[in-house]
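Tertiary structure, described
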Amino acid sequence: MVNTIVQIGEIVGTAAFALFGAMVAVERRMDLLGVLLLAVTTAVGGGMIRDVLLGATPPLALQDPFFILIAMAVALLVFWARSRKSPAQDGKFFRRLYSLAIFCDTLGLAVFTVTGVNRSIALGYGDNAFLSVFVGILTGVGGGVLRDVMASRVPMILRKEIYAVASLAGGLLYYYLYWLAGEYIALFCGAAVIVVVRTVAVRYQLNLPVAKPKKEGGV
Amino acid sequence: MVNTIVQIGEIVGTAAFALFGAMVAVERRMDLLGVLLLAVTTAVGGGMIRDVLLGATPPLALQDPFFILIAMAVALLVFWARSRKSPAQDGKFFRRLYSLAIFCDTLGLAVFTVTGVNRSIALGYGDNAFLSVFVGILTGVGGGVLRDVMASRVPMILRKEIYAVASLAGGLLYYYLYWLAGEYIALFCGAAVIVVVRTVAVRYQLNLPVAKPKKEGGV
Amino acid sequence: MVNTIVQIGEIVGTAAFALFGAMVAVERRMDLLGVLLLAVTTAVGGGMIRDVLLGATPPLALQDPFFILIAMAVALLVFWARSRKSPAQDGKFFRRLYSLAIFCDTLGLAVFTVTGVNRSIALGYGDNAFLSVFVGILTGVGGGVLRDVMASRVPMILRKEIYAVASLAGGLLYYYLYWLAGEYIALFCGAAVIVVVRTVAVRYQLNLPVAKPKKEGGV
């Protein structure tokens, strides 16, 4: 039951990550292959970095192509939709979908973060809280960083939005609840914290502060 | 005999990859070291990513510096040629060489793709077609992606030309022929398909479609 | 005694690397998290690449968060300083610190390079000079390359300054002295060469040549 929920979360999250990857690719006028590759990179890149850092090679995503196929299907859908719609309709189309997509993306961040921490524990690194939470966050945000680097722009998570902070909070909670209350409670609470923090941040447009040495000066 | 042909192909391909890496570096006004590093990255980056993902560390390219030395020699040659020629002569010089360079690059793509798949099989991952073909493609195109990311531009293979598609076709063919007809036939046919597909694409300027939501709109 | 000196060097170097990472992040108007992440990436990225390439996973930096915490402390300090100062004071503030920061950065390059070569030897790759020196250089310069790629700009070491060349000279010297004269002499001489070469290069503004096909032409 819990495993089924996690799997559904992973599928929804993969699709949402792929959606944003494909949209960045279309925006940058990449060709069909670029759209496919960027969607796949965004969707499974974080987990691949995690597995490489943990020495668990080949990465899970390459052992079982299931999630890569989902990402490709989403990429094809985005490509098709963007090729035929006029921008006006497009605008409406995506505005309608946008809130849903953001929510699915948040769900993906939540599920990937906690499964990332879980994988570190499963591989025997559970005694190292720092390592486990770090690779959990990487699993959640790494794909987006790779996407932005490949699209030649400064990664979004470095510039705005409470994204990695939500991941950090949930990852930490998952790690400690895992030992205190068991895997399932940890899973539920960790993921819930990420969804709540991120959703509140998006709703109220909360951002982390930026250092702004104003050109106009003054102390 | 076959091994000799593969080795010659690898040397020619390494030189061609290094050539394009060095040219991008010169274009971006990198210094001598930048030209060397970008040439090396382009030439051996794909294989290094492959080996890291397969857990076959240290990567082959670092165990034996032979191919890195070839890439460095090509980089020095490009640097020297670009430093002394006037642009006019330069233009002619490179236009004359360009067709040859593209062909060598295609040969490199072909050889690297099939040896990439082969390495996955040799490391014991032969039962996973997806993984083997995926790392084969990565071996072929990874260096170019790293080159473009380091030169701060959107990777060429994401934007245009039938490049990774040729690699995919040849990698798949190699993988299945390997089991059906043996390594040598697989090698020859896989590489041949890549060379033919890419050469036809370059000759007739075939590109994958791009999603183009026209500003002018209309359904 | 020697170990203490190395450790102090590593701490100073980590802080200096983090300083430059954080300053690039502030310049690019990244938020607090971006400043933290870029500082950490710059400080420990080179060592992480080295460990992944050598198959020594998880990387040292993730096993023991000590250096990451130092980098974070520096990032917070930079963020705080840049948030409150006016640009004029800022300018003066950083100009005063700049020479010191460059020196600490150079010290970091020296220590990271020689400890990088040392780690390769410690992991059993000492018979491969090429591999050992290569990962030593990567340890020294890799973090800066990752920083610049994530900040979406062409890596500084590819464009100017005698940086990797100093690392190369010191890495080679360390490797050969290690076998001829023992670890401690190698350590001292290798690091000293890097500090001297880089300091002289900065002082006299020495740069590697750039290939410049002048628009104005002429042979």
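Computed from a prediction, not measured in an experiment: that's the story for all the values here. (Residues numbered from 1 in each chain as written. Chains lettered and ligands numbered in written order. Predicted model: local features only at pLDDT ≥ 70, side-chain atom pairs only at ≥ 80, totals over all residues. Heavy atoms only, no water.)

1. As for the overall build of chain A
The number of helices and strands found in chain A is nine helices and zero strands. Listed N to C, the secondary structure of chain A is α-α-α-α-α-α-α-α-α in terms of helices and strands. Across the 219 residues that make up chain A, the buried fraction comes to 57%. Within chain A, residue pairs in contact and separated by at least 24 positions form 72% of the contacts whose partners lie at least 6 positions apart. (Helix = DSSP H or I, 4+ residues; strand = E, 2+ residues; numbered from the N terminus. Buried < 20%, exposed > 50% of the residue type's maximum accessible area, 1.4 Å probe, protein only. Contact = heavy atoms within 4.5 Å.)

2. Some words on unusual backbone geometry
Pro 58 of chain A follows Thr 57 of chain A through a cis peptide bond whose omega is -10 degrees. Relative to the elements of secondary structure, Pro 58 of chain A occurs in the loop between helix H2 (32-53) and helix H3 (60-63). Of note in the backbone geometry, Arg 29 of chain B takes a positive phi value of approximately 60 degrees without being a glycine. Within the secondary structure, Arg 29 of chain B sits in the loop between helix H1 (2-27) and helix H2 (32-53). One non-glycine residue, Ser 152 of chain B, adopts positive backbone phi at about 60 degrees.

3. A few points about the environment of Tyr 163 of chain A
All names here are of chain A. For Tyr 163, the location among the structural elements is in the loop between helix H7 (156-159) and helix H8 (164-181). The contacts of Tyr 163, once residues within four sequence positions are left out, are Phe 17, Asp 105, Leu 109, Gly 140, Val 141, Met 156, Ile 157 and Arg 198. Within the structure, Tyr 163 has its side chain in polar contact with the side chain of Asp 105 (distance 3.1 Å). (Polar contact = N/O pair within 3.5 Å; in protein donor to acceptor, adjacent residues only side chain to side chain.)

4. Description of empty space enclosed by the protein
To locate leftover empty space, one rolls a probe as large as a water molecule over the atoms. Scanning the model with the defined rule gives one cavity of 30 Å³ or more in all. There is about 30 Å³ of room inside the largest cavity. Grouping the amino acids of the lining of the largest cavity by side-chain chemistry returns three nonpolar, three polar and one charged. (1 Å grid on protein atoms, 1.4 Å probe; cavity = no way out; pocket = protein on both sides within 12 Å on 5 of 7 lines; lining within 4 Å. Points joined across faces, edges and corners; volume = space filled by probe spheres on them. Nonpolar A, V, L, I, M, F, W, Y, C, P; charged D, E, K, R; others polar.)

5. What about the nonpolar core?
Side chains that are nonpolar tend, in soluble globular proteins, to be buried together. Judged by nonpolar contacts, the single largest core of 211 residues is most densely connected at Leu 62 of chain A, Leu 38 of chain B together with Leu 38 of chain C. Every residue in contact with Leu 38 of chain C, bar those within four places of it in the chain, is listed here: Leu 158 of chain A together with Gly 21, Val 24, Ala 25, Met 30, Arg 147, Met 150 and Ala 151 of chain C. (Core = buried A, V, L, I, M, F, W, Y, C linked by side-chain atoms within 4.5 Å.)

6. Remarks on the packing of helix H2 (residues 32-53) of chain C against helix H6 (residues 129-150) of chain C
Residue and element names in this part refer to chain C. The N-to-C vectors of H2 and H6 enclose an angle of 135 degrees; their axes lie 7 Å apart at closest approach. As the angle between them shows, H2 and H6 are arranged oblique. Considering only the axes of H2 and H6, their crossing is right-handed. Counting all contacts with H2, which are made through Leu 38, Thr 41, Thr 42, Gly 45, Gly 46, Gly 47, Ile 49, Arg 50 and Leu 53, the residues of H6 involved are Val 135, Leu 138, Thr 139, Gly 142, Gly 143, Gly 144, Leu 146, Arg 147 and Met 150. When its residues are assigned to classes, the contact of H2 with H6 shows seven nonpolar, nine polar and two charged. (Axes fitted to C-alpha atoms, helices over the stretch in contact; angles between N-to-C directions. Parallel < 35°, antiparallel > 145°, perpendicular 65-115°, else oblique. Left-handed = near helix turned anticlockwise from the far one by under 90°.)

7. Regarding the pattern of salt bridges
Where charged atoms of side chains with opposite charge meet at close range, the side chains can pair. Per the stated rule, a full pass over the model turns up 16 salt bridges over all chains. Between Arg 153 of chain A and Asp 148 of chain A there is a salt bridge, with its nearest N and O atoms 2.9 Å apart. Judged by its relative accessible area of 19%, Arg 153 of chain A falls in the buried class. Overall, Asp 148 of chain A belongs to the buried group, its relative accessible area being 1%. Here Asp 105 of chain C makes a salt bridge to Arg 198 of chain C, at a shortest N to O gap of 4.0 Å. With Asp 105 of chain C in helix H5 (residues 87-125) and Arg 198 of chain C in helix H9 (residues 183-203), the pair connects residues that are 93 residues apart, well separated along the chain. Among the residues examined, Asp 105 of chain C registers a relative accessible area of 7% and is labelled buried. (Salt bridge = Lys/Arg side-chain N within 4 Å of Asp/Glu carboxyl O.)

8. Some words on the environment of Thr 42 of chain A
Residues and elements named next belong to chain A. Along the chain, the position of Thr 42 falls in helix H2. Judged by its relative accessible area of 2%, Thr 42 falls in the buried class. As for Thr 42 and Gly 144, which are separated by 102 residues in sequence, their C-alpha atoms are 5.3 Å apart. Setting aside its immediate chain neighbours within four residues, Thr 42 contacts Phe 17, Gly 21, Gly 143, Gly 144 and Arg 147. A distance of 2.6 Å separates a polar atom in the side chain of Thr 42 from the backbone oxygen of Leu 38.

9. Some remarks on the packing of aromatic side chains
Here the structure, examined in full by the defined rule, presents 21 aromatic pairs over all chains. With a centroid separation of 5.0 Å and 85 degrees between ring planes, the pair formed by Tyr 175 of chain B and Tyr 176 of chain B is classed as edge-to-face. The structure contains a cluster of three or more aromatic residues connected by ring pairs, namely Tyr 174, Tyr 175, Tyr 176, Tyr 178 and Trp 179 of chain A. A cation sits over an aromatic face here: Arg 203 of chain B above Tyr 204 of chain B, 5.1 Å from the ring centre. (Phe/Tyr/Trp six-rings, centres within 6.5 Å; stacked < 30°, edge-to-face > 60°. Lys NZ or Arg CZ within 6 Å of the ring centre and 35° of its normal.)

10. Let's talk about helix H1 (residues 2-27) of chain C
Over its 26 residues, H1 of chain C extends 37 Å from the first C-alpha to the last, a length consistent with the 38 Å expected when each residue adds 1.5 Å. Arg 29 of chain C sits one or two residues past H1 of chain C and shows a positive phi near 60 degrees. (Expected span 1.5 Å × (residues − 1).)

11. Re a nonpolar patch on the surface
Together, Leu 168, Leu 172, Tyr 176 and Leu 180 of chain A give the surface a local cluster of nonpolar side chains, amounting to about 410 Å² of exposed area. Position of Leu 180 of chain A among the secondary structure elements: in helix H8. (Patch = residues over 30% accessible without salt bridge, like charges linked within 9 Å, V, L, I, M, F, W, Y side chains within 5 Å. Areas by Shrake-Rupley, 256 points an atom, 1.4 Å probe, with all protein chains shown as cover.)

12. A closer look at the packing of H6 of chain C against helix H8 (residues 164-181) of chain C
Residue and element names in this part refer to chain C. Axis separation between H6 and H8 bottoms out at 9 Å; the angle between their running directions is 135 degrees. It follows from the interaxial angle that H6 and H8 lie oblique. Crossing geometry of H6 relative to H8 is assigned as right-handed. Within the contact between the two elements, H6 uses Ala 129, Ser 132, Val 133, Gly 136, Ile 137 and Val 141 and H8 uses Ala 164, Ser 167, Leu 168, Gly 171, Leu 172, Tyr 175 and Tyr 176. Looking at side-chain class alone, the contact of H6 with H8 contains nine nonpolar, four polar and no charged residues.

13. Considerations on the side chain of Asp 31 of chain A
All names here are of chain A. Examined against the element boundaries, Asp 31 turns out to sit in the loop between helix H1 (2-27) and H2. Look at Asp 31 and you get buried, because its relative accessible area is 0%. Polar side-chain contacts of Asp 31 include one of 3.1 Å to the backbone nitrogen of Leu 33.

14. Examining the confidence of the model for chain A
Residue and element names in this part refer to chain A. Mean pLDDT for chain A: 85, with 89% of residues reaching 70 or above. Counted against residues more than four places away or in other chains, residues 214-219, with its pLDDT under 50, gives eight contacts. Listed scores for the predicted complex are pTM 0.87 and ipTM 0.83. (pLDDT = per-residue confidence, 0-100.)

15. Observations regarding the environment of Gly 136 of chain A
Residues and elements named next belong to chain A. Residue placement: Gly 136 occurs in helix H6 (residues 129-150). Gly 136 sits 39 residues away from Leu 97 along the chain, and the two C-alpha atoms are 28 Å apart. Residue contacts for Gly 136: discarding those within four places in its chain leaves Phe 112, Thr 113, Gly 116, Val 117 and Ser 167.

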